[in-house]
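Below are the chains, spelled out letter by letter.
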Amino acid sequence: MAMLSVSDLAVSYGAIKAVKGISFDIDEGEIVTLIGANGAGKSTTLNTIAGLIKPDTGSIKFSGEELVGIKPHKIVERGLALCPEGRRVFTHMTVSENLDMGGYTRTDAENKETLELVYEHFPRLKERMNQVAGTLSGGEQQMLAMGRALMSRPKLLMLDEPSMGLAPILVDEIFDIIQALNKNGTTILLVEQNANMALKVAARGYVLETGKIVKTGTGAELLVDDDVRKAYLGG
Amino acid sequence: MTILTQVLNGLQLGSIYALVALGYTMVYGIILLLNFAHGDIIMVGAYISWIVMSQLGLNPVLAIVLSIVGCAGLGVLIDKVAYQPLREAPRMSLLITAIGVSYFLENGAQLVFGADAKVVPEYFDLPSMSVGGVSLSANAIITIVVTAISTIVLTILVQKTKLGKAMRAVSEDMGAARLMGINVNNTISFTFAVGSALAGIGAVLYSMAYSQATPTMGIMLGTKAFVAAVLGGIGSIPGAVIGGLLVGFAEVFVSAIGLSVWQDAVVFLLLIIVLVVRPTGILGRPMTEKV
Amino acid sequence: METPNLVPERELGKMPVLQAEHLGIDFGGLTAVDDFNIAMGRTEISGLIGPNGAGKTTIFNLLTNVYKPTRGTILLDGYDTAGKSVVEVNKMGIARTFQNIRLFNKMTVEENVLVGFGNSMSTHLLTDVFRLSKHWKQEAEFHDKAMDLLGIFSMQGLAHERAGNLPYGAQRRLEILRALATNPKVLLLDEPAAGMNPAETEELMENIEKIRDDFQIAILLIEHDMNFVMGICEVIGVLDYGRIIAKGTPEEIQNDPKVIEAYLGKQGVK
Amino acid sequence: GGNSGSSNGSSSDTIKIGLMGPYTGDVAQYGLACRYGAELYVKQVNSNGGINGKQIELDTQDEKGDATEAVNVYNKLVEDGVVGIIGDVTSTPTIAVAQASVKDNMPCVTPSATAADVISYGKNYFRACITDPYQGKLMADFAADQGYKTVGVIYNQGGDYEQGVADAFIEEAGKKSVTVSDSEGYPSGATDFNSQLTNIIATNPDAIFSPNYYQDDGKIVTQARKLGYTGVFMGADGWSNIVGGDEEYASAEDLEGCYYDCSFVSENEDEKVQDFIKAYKDEYNDTPSNFCALGYDAAMILLNAIETVEKDGKSTYGSDDYKQAIVDAIASGTANGVTGDISYSGTGDPVKSTLIITFKDGAQEVFKTVEGK
Amino acid sequence: MTASKATTEQAGTPAASGYRSLSMPMRYLINAILVVVFLVVGELMIDGGVVSRYQTGVIEQIGIYIILAVSLNIATGYLGQLPLGHAGFMSVGGYSCAIFIMRMMDVVGVTARDFATGSPAAVGLFVLGIIFGGICAAICGLIIGVPALRLKGDYLAIITLGFAEIIRVVMQNIDSVLGFTLTGGAKGLTGIPSYTNFLNTFIVVVISLFLIHTMMKSRHGRAILSIRDNEIAAESCGVNTTYYKTLAFVASAFFAGVAGGLYAGCIGVMAPAKFGFMKSIEILVMVVLGGMGSMLGSVISATVLTILPEALRAVSDYRMVVYAVVLILVMIFRPEGLLGDYDFSMSRVIERIMNHGKRPEDLAPATTPAAEAVAAAPEPSTVTAATEKDTGKEAHTHE
Ligand SMILES: Nc1ncnc2c1ncn2[C@@H]1O[C@H](COP(=O)(O)OP(=O)(O)OP(=O)(O)O)[C@@H](O)[C@H]1O
Ligand SMILES: Nc1ncnc2c1ncn2[C@@H]1O[C@H](COP(=O)(O)OP(=O)(O)OP(=O)(O)O)[C@@H](O)[C@H]1O
Ligand SMILES: [Mg+2]
Ligand SMILES: [Mg+2]
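Every value quoted in this text rests on a predicted model; they were computed, and no experiment measured them. (Residues numbered from 1 in each chain as written. Chains lettered and ligands numbered in written order. Predicted model: local features only at pLDDT ≥ 70, side-chain atom pairs only at ≥ 80, totals over all residues. Heavy atoms only, no water.)

### A short note on the domain arrangement of chain C
All names here are of chain C. Here the domain parsing of chain C yields domain 1 (1–93 + 184–270) and domain 2 (100–182). For domain 1 versus domain 2, the separation of C-alpha centres amounts to 26 Å. Listed per partner, the contact involves 18 residues of domain 1 and 12 residues of domain 2. Together, the buried faces of domain 1 and domain 2 total about 1,400 Å²; carbon and sulfur atoms form 63% of this surface. Viewed at the interface, domain 2 and domain 1 are joined by zero salt bridges. Summed over the shared surface of domain 1 and domain 2, the result is five residue pairs in polar contact (both at pLDDT 80 or more). Looking at the side of domain 1 that touches domain 2, the elements that each hand over two or more residues are α2 (86–92), β7 (186–190) and α7 (198–215). Per-element tally for the side of domain 1 that touches domain 2: the top contributor is α7, with six residues. Its residues placed into classes, the side of domain 1 that touches domain 2 shows 10 nonpolar, three polar and five charged. (Domains from an automatic or database assignment. Contact = heavy atoms within 4.5 Å. Buried area = accessible area lost by both parts, 1.4 Å probe. Salt bridge = Lys/Arg side-chain N within 4 Å of Asp/Glu carboxyl O. Polar contact = N/O pair within 3.5 Å; in protein donor to acceptor, adjacent residues only side chain to side chain. Helix = DSSP H or I, 4+ residues; strand = E, 2+ residues; numbered from the N terminus. Nonpolar A, V, L, I, M, F, W, Y, C, P; charged D, E, K, R; others polar.)

The following block contains the structure:
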């Protein structure tokens, strides 16, 4: 059975239909990527799964349980974490306080352990432990946001454009980390502009266009698909 | 000895302002709302004490407990009914809603209780002590001590506990806080409960000192406490206390030198001077926005 | 170098338009930028790259006086910008865009550009308030200018749209146009291609070169998209921990082992 | 509240008069008290067959204690066709109404606006109460009679009433060689008087004069006692509700031996006063205050005059003559009010007696009566 | 070249697509005619007794509140600050205008009656008085503006509140300091001749609205708006933020002073206690309820909120409670205010009639991104529709 299965999901902002009835699923242990142009509805989809937005119709099942209508904090407790677009770190709190918040649903003992792991992945964060997050550089904030999402020890981690604004070396690093996390058993739903990299690490991908899924396939298939190459991979 | 008495007067008045200012600061800290209804919650607290003791003739301890609990409950109720629907709305709308709530409480209280002041009986019959020729009123001492304890408890709550940190997270970014697994509405309601409970304590101390409840008593008290909170740096707990004491002392000493009609002007002038020198108040966090 | 004011006027054409020497800033204990030097030719396009948190945006903030430098001098056309406000620096000739887009969201696209043209508009408040004929003349003139400017990115059709309602890419483009409207000598672009797809990025590259040619200005840009940087910049500086670790042409940079280690990683190698 | 809806005044069997005051807002207590008193009198007149067989119809309007609304209300009442107005209640709105009413020559009787200005704009405005300066002078004379050598003064400097009384007191005290040892003002809305009282007590006065409203006076007396002051307090008619109403604003011990002047107190043995109190209790199940009594008397002054005019029958209802006749009738008539016999001697200020009231064994009693001149 | 480029190029400016529009002089002429018609009709109705004195009084107050709300909107809606001391400026204007007129009446030999008949000297005195009131308030605006503009957000709010309270205390006590009668102290300034009437109120309202409108629709207004939207970006675009903030503040105060001057003549008394914090709030409520940054919104809500308490007289005891509930409900159901930031333009309406009910957008398709998205949908590489994308994020930026 799929770990997450989304069916007929439709979401709108007032009169604007951002997502128009999409269905997809993710098996345990997979990396699945959603790619698409600006405004295709990727972030909207992730935010809806995380419970931040109420869908018009459709269902989202996580390990067989319906998520639609459940409050976001309950969803986190069930093991789903979203690292949101635009980082959204707590700018007036220090790096370590931000990470603490990430582990809000966990016990202190668990957090202590996870924290070690996060610092291992992102040594820069350890360096800047006591810096106020608002003064971190863009990339540093991105690391913090990811680290923070990890603190809840999610079964399914959703990442919304984690490579945006990152230096090339860090992009590599982030993708390495994504793969490493996946190896350690975290299922990942990845949204990326950097389709090239995303499709390389993903088992499967979905192409989203103006709110609809127009294509699906394994990462490798999509990587060589002509339409996809032309639209998202720069010829 | 007049001067010592005046110092004590200043401490007592300042402590009450501080306590009310703490409530302002808490609520402001979390949803950036200048909760104009805060002063009116104090008013309700004073009326609760009056009902319990004067109308129902019940025990003063019960009056104190019910005032505090009642205020806390009222705070939560206001949040749920009037503020919660506006979580995503522009801040200005929230501000106007708060003003609406304030009007509602004031005029509602007047409909129910009339415009005339109600006299809140003394909670306890406490004697004044005389130390070295200075008469120390027990009320003053209780007020000062209660404020000090409240401040310490509150500081621990916000800085050290998980809930306190969640409050700060919510204050920064509600959406992100939700993603952390924080129940945002409950956290905000909790903040209102704490802030309003402080208003309840303030109501009891106020009634102890000034013994009257009127529908509009919250306006002046609220405004002064608001000034105190800003003076100290709104959002800062120690700032609220410093601000409260400063305003209290300023009022008392301006009156003491015979300029009492200027006391409001002096308080506001003090505020302006402080803000011009330190644009975010005495202990306010400097506002940095990374470009 | 000599005191800037001593440079004779006629020499100005030959000197670098923007020159910074030993620029540095500390935030508390952190040295965000140190000993940064740059001399930009009048119509040069240069790039600034470096790992996240290296201090690139901070350099932009120093050049525009958003932050006061702890050390060093900045000369624009030979004039020291020390002690000038952000506004004055803009009027002297440095314009910029922001890493996090900062448009006037509730104003229309045209109005955004017109705010930029404020530097060139000259009517007195009373002329405008009482709608004297000079007001109308000036408004018409700058309306046309704004339309011309929007034409660079074919955005005339969006003139009456709210800036905040534009798609992301269009917002980035508008920010560039608004900066151009202030009549700069130097244009600073902070990650102009961020959030754009490859096709859009390519179009942007063409346009930036066109802007340089048409307006005869110098452009300094920050970008993490290597195709973009390598494709457009004549000179690239690489920043790490606030210091320049390498400087040169795109080829030189691409093959510099220090840069590969600190910044490019595997992508640079391939 | 509300009006009857007929905009052309009254039909031949009713007489329409206006009643205005603050019934909401922070001075509503005074407005409502006046209103209840006035309504009681009108009811009594109506149940006795009205005036000249006509029923009195009240057009009651709230002005929130705000001058702007007061002017609106006044215009509205004019539009509704009233022939006289009972109101306004507090000074500033009353002055605004007084200014507006001159050009209509509208007969108006304010129960309670004490500021000197009120009656200075035209001959159509009268008041039922005594003025601020009169009271200040009266209490200064009283202090001298009592043999006080030094007196401290504490008053609301943000209130025209309080300031008016205090100023007159201080002036008269100077003439009567009573030394004002310390005069302290406080801003409106103050609740903490410790600082001012500490200063006054330090000058060790024989008495403290606190000519404020009862809510403030209650706090002042209580706080002064806590600060250890044991001497006498004196006040003006703003004290009249300090005890005896729903609430006791200061305790009996604290008030023992204090004095204030007022034209009404429910402990007054006078027969007509006791009748009024009984009627008021029957109607509202409450003890009337000074303001209620003044409202009652203001209604009496106006209705007496209307009765004179109606009986006379020379002028048509609602005409300019009619209004002028009412004005004349007020100016020359006498009303045997519950706050004393009220007559006028050429101005809108009444000539009436005033009571000095004292507190004894926890109750109020009339200490003496000062005849008006 | 991408599809998005192609579609945007098709779209011309409205003029190019055959939309018939009015020339500027024409627009002003139309509006001027409307104003005159309204004025004449209003005057005739009042003289003819169709509109009663009570109603006229209320209409005058509506005019005064319109000026107050629209002027506060400069600082609130357009500049994006939160001033809580507007009543202070109003009181300064009211006092200074009234005192000026009262003192000058003897000097130039104008009597109270002359204001009713409208002798030239009285008219001149009125004009001077109103301007004098405005200037005094503007000076206060400048004094408060200078320190206040260093501050942001709520700190600015509180400092303006404080300043207004200081003004109130000064008005109350200045007589005893100066030793002669100027403001009338706590009792207030009384006996102000009623120099305000429907005619001059209406004219002052129209002039004020016109001036505020033309200021906002000019490069100066754009500079003020840009500060509201993004102060840092505004500075980087060469907008002298200090100057324009001060300008907005001073203009806001000036018109509040003008309104105060009218108020004094309308009511006849000025009492300091009435210009406290609550009055400022009352005006702020009008601005927010109408929609921040919408002049029409301010006009409508000033009108509604002035009439509302009068209309609620029928339920007099409950009216303030009802008012409070209305306020809360409106905010909950229309958080952006009644009109958001929509503004009405008579000429736009006429243009639409001229173009048979079509809007410029209808004639020039694909000028909006939404339309563009539809046109470009099949091509994946195009930028698709975006609406107010940042609203969610914006709400969380703290300032
Ligand atoms: N106001 C500030 N206070 C403290 N530290 C700051 C401040 N501004 C920047 N920094 C620090 O200076 C360093 C450089 O930041 P900067 O924003 O210039 O990086 P950047 O090179 O632009 O990175 P990115 O590519 O991620 O945008 C970072 O470590 C950042 O945390
Ligand atoms: N808060 C909002 N209010 C209104 N419309 C919105 C909002 N957020 C997104 N939209 C619209 O919904 C559509 C989908 O947006 P979404 O952010 O999900 O796209 P995306 O695929 O994540 O794009 P990007 O690559 O730019 O992040 C777009 O048209 C966008 O303009
Ligand atoms: Mg997205
Ligand atoms: Mg940067």
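There's plenty left to go through after this.
### As for the coordination of the magnesium ion (ligand 4)
Each pair of donors in an ideal octahedron of six around a metal sits at 90 or 180 degrees, and each pair in an ideal tetrahedron of four sits at 109.5 degrees. Residue and element names in this part refer to chain C. Surrounding the magnesium ion (ligand 4) are the protein donor atoms Thr57 (OG1) and Gln99 (OE1), which sit 1.9 to 2.1 Å from the metal. Of this pair, Thr57 sits in helix α1 (residues 56–63) while Gln99 sits in the loop between β6 (94–96) and α3 (109–117), placing them 42 residues apart in sequence. The same class applies to Thr57 and to Gln99, which are both buried. (Donors = N, O, S within 2.8 Å, 3.2 Å for Na, K, Ca; no water. Buried < 20%, exposed > 50% of the residue type's maximum accessible area, 1.4 Å probe, protein only.)

### Details of the packing of α3(C) against helix α6 (residues 168–181) of chain C
A pair of packed helices can be characterised by two numbers: the angle between their axes and the separation between those axes. Residue and element names in this part refer to chain C. Between α3 and α6, the least distance of the axes is 7 Å, while the angle of their chain directions is 30 degrees. Regarding the angle of α3 to α6, the classification is roughly parallel. As for the relative orientation of α3 and α6, their crossing is right-handed in sense. The residues of α6 that touch α3, namely those facing Val109, Asn112, Val113, Gly116 and Phe117, are Leu174, Arg178 and Ala181. Within the contact of α3 with α6, the residues separate by chemical class into five nonpolar, two polar and one charged. (Axes fitted to C-alpha atoms, helices over the stretch in contact; angles between N-to-C directions. Parallel < 35°, antiparallel > 145°, perpendicular 65-115°, else oblique. Left-handed = near helix turned anticlockwise from the far one by under 90°.)

### Some details on the pattern of salt bridges
Per the counting criterion, the structure on display carries 49 salt bridges over all chains. One salt-bridge network, held together by shared partners, links Lys224(B), Glu251(B), Asp264(B), Glu165(E) and Arg168(E).

### Some words on the confidence of the model for chain B
Interpretation of the predicted coordinates at a detailed level should be avoided for regions scoring low in pLDDT. Per-residue pLDDT for chain B has a mean of 89; in total, 96% of the residues score no lower than 70. By mean pLDDT, strand β3 (residues 134–136) of chain B is the weakest element of chain B at 69, and helix α3 (residues 60–83) of chain B is the strongest at 95. (pLDDT = per-residue confidence, 0-100.)

### Thoughts on the nonpolar core
Formed by 268 residues in total, the largest nonpolar core has its most connected members in Leu4(A), Leu189(A) and Tyr83(B). Here this core takes 15 residues from helix α11 (residues 241–267) of chain E, the largest share from any one element. In this structure Tyr83(B) touches Leu33(B), Asn35(B), Ala37(B), Ile78(B), Leu94(B), Thr97(B), Ala98(B), Val101(B) and Phe192(B), once residues within four positions along its chain are discounted. Residues Ile51(D), Val89(D), Ile154(D) and Phe233(D) belong to the second largest nonpolar core, which totals 81 residues. (Core = buried A, V, L, I, M, F, W, Y, C linked by side-chain atoms within 4.5 Å.)

### Describing the side chain of His135(C)
Structurally, His135(C) can be placed in helix α5 (residues 133–151). Setting aside residues no more than four positions away along its own chain, His135(C) makes contact with Thr123(C), Thr127(C), Asp128(C), Lys217(E) and Ser218(E).

### Notes on the sheet that holds strand β5 (residues 125–127) of chain D
Residue and element names in this part refer to chain D. Strands sit in the order β2-β1-β3-β4-β5 across an open sheet of five strands; the sheet is parallel. Two strands bound the open sheet, and with one partner strand each, they are β2 (55–62) and β5. Here strand β4 (residues 108–110) runs beside β5; their pairing, made up of three bridges, is parallel. By the bridge assignment, Val109 is partnered in β5 with Phe126. Packing against the sheet, helix α2 (residues 67–80) makes contact with β1 (14–21), β2 and β3 (85–86), and its axis sits at approximately 150 degrees to β2. The strands touched by helix α3 (residues 91–101) within the sheet are β1, β4 and β5, with β5 carrying the most contacts at an inclination of about 145 degrees. (Pairing = 2+ DSSP bridges.)

### So, the sheet that holds strand β4 (residues 57–62) of chain A
All names here are of chain A. An order of β2-β1-β4-β5 is seen for the four strands of this open sheet, with the pairing classed as antiparallel. Lying at the two open borders of the sheet, with one neighbouring strand each, are β2 (16–26) and β5 (65–66). Relative to β2, strand β1 (residues 4–13) runs antiparallel, the two being bridged by eight bridges. In the strand pairing of β2, Ala10 is matched with Lys20. Helix α1 (residues 42–49) rests against β1, β2 and β4 of the sheet, and its axis sits at about 115 degrees to β1.

### Here's the deal with a nonpolar patch on the surface
A contiguous nonpolar patch, built from Met26(E), Leu29(E), Ile33(E), Val37(E), Val41(E), Met45(E) and Val50(E) and spanning about 610 Å² of accessible area, is present on the exposed surface. Take Met26(E): it is sitting in helix α2 (residues 24–47). (Patch = residues over 30% accessible without salt bridge, like charges linked within 9 Å, V, L, I, M, F, W, Y side chains within 5 Å. Areas by Shrake-Rupley, 256 points an atom, 1.4 Å probe, with all protein chains shown as cover.)

### Some details on the UniProt feature "transmembrane region" (unreviewed entry) in chain B
Residues and elements named next belong to chain B. The sites that carry the UniProt feature "transmembrane region" (unreviewed entry) are, in the present numbering, residues 16–34, 64–82, 133–158, 188–209 and 265–284. Taken as a whole, residues 16–34 contains 84% helix and 0% strand, while its terminal C-alpha atoms sit 19 Å from one another. Across residues 265–284 one finds 65% helix and 0% strand; the C-alpha atoms that close the span lie 23 Å apart. (UniProt positions renumbered as here; feature names shortened; annotations may be inferred.)

### Observations regarding a positive patch on the surface
Taken together, the side chains of Lys54(A), Lys71(A), Lys74(A) and Lys80(B) make up a positively charged region of the molecular surface. You can see Lys54(A) is positioned in the loop between α1 and β4. The class of Lys54(A) is exposed, set by a relative accessible area of 70%. (Lys, Arg positive; Asp, Glu negative; His and termini not counted. Charge placed at Lys NZ, Arg CZ, Asp CG, Glu CD.)

### Points about the coordination of the magnesium ion (ligand 3)
Residue and element names in this part refer to chain A. Coordination of the magnesium ion (ligand 3) by the protein involves Ser43 (OG) and Glu85 (OE), with metal-donor separations of 1.8 to 2.5 Å. Residue Ser43 is located in helix α1, and its partner Glu85 is located in the loop between β6 (80–83) and α3 (95–102); the two are separated by 42 residues in the primary sequence. We classify Ser43 as buried; its relative accessible area is 14%.

### Here's the deal with the environment of Asn241(D)
Structurally, Asn241(D) is set in the loop between β9 (232–235) and α8 (252–255). When its relative accessible area of 14% is taken as the criterion, Asn241(D) is described as buried. Sequence separation of Asn241(D) and Gln215(D) is 26 residues, and the distance between their C-alpha atoms is 8.4 Å. The residues touching Asn241(D), leaving out its near neighbours within four places in the chain, are Asp116(B), Tyr214(D), Glu247(D), Tyr249(D), Ser289(D) and Asn290(D).

### Looking at helix α7 (residues 153–178) of chain E
Residue and element names in this part refer to chain E. Its 26 residues give α7 an end-to-end C-alpha distance of 36 Å, which sits within 8% of 38 Å, the value for a rise of 1.5 Å per residue. The sharpest bend along α7 measures roughly 45 degrees and falls at Gln172. Positive backbone phi, approximately 80 degrees, marks Gly179, located one or two places after α7. (Expected span 1.5 Å × (residues − 1). Bend = angle between axes of the 7 residues up to and from the residue.)

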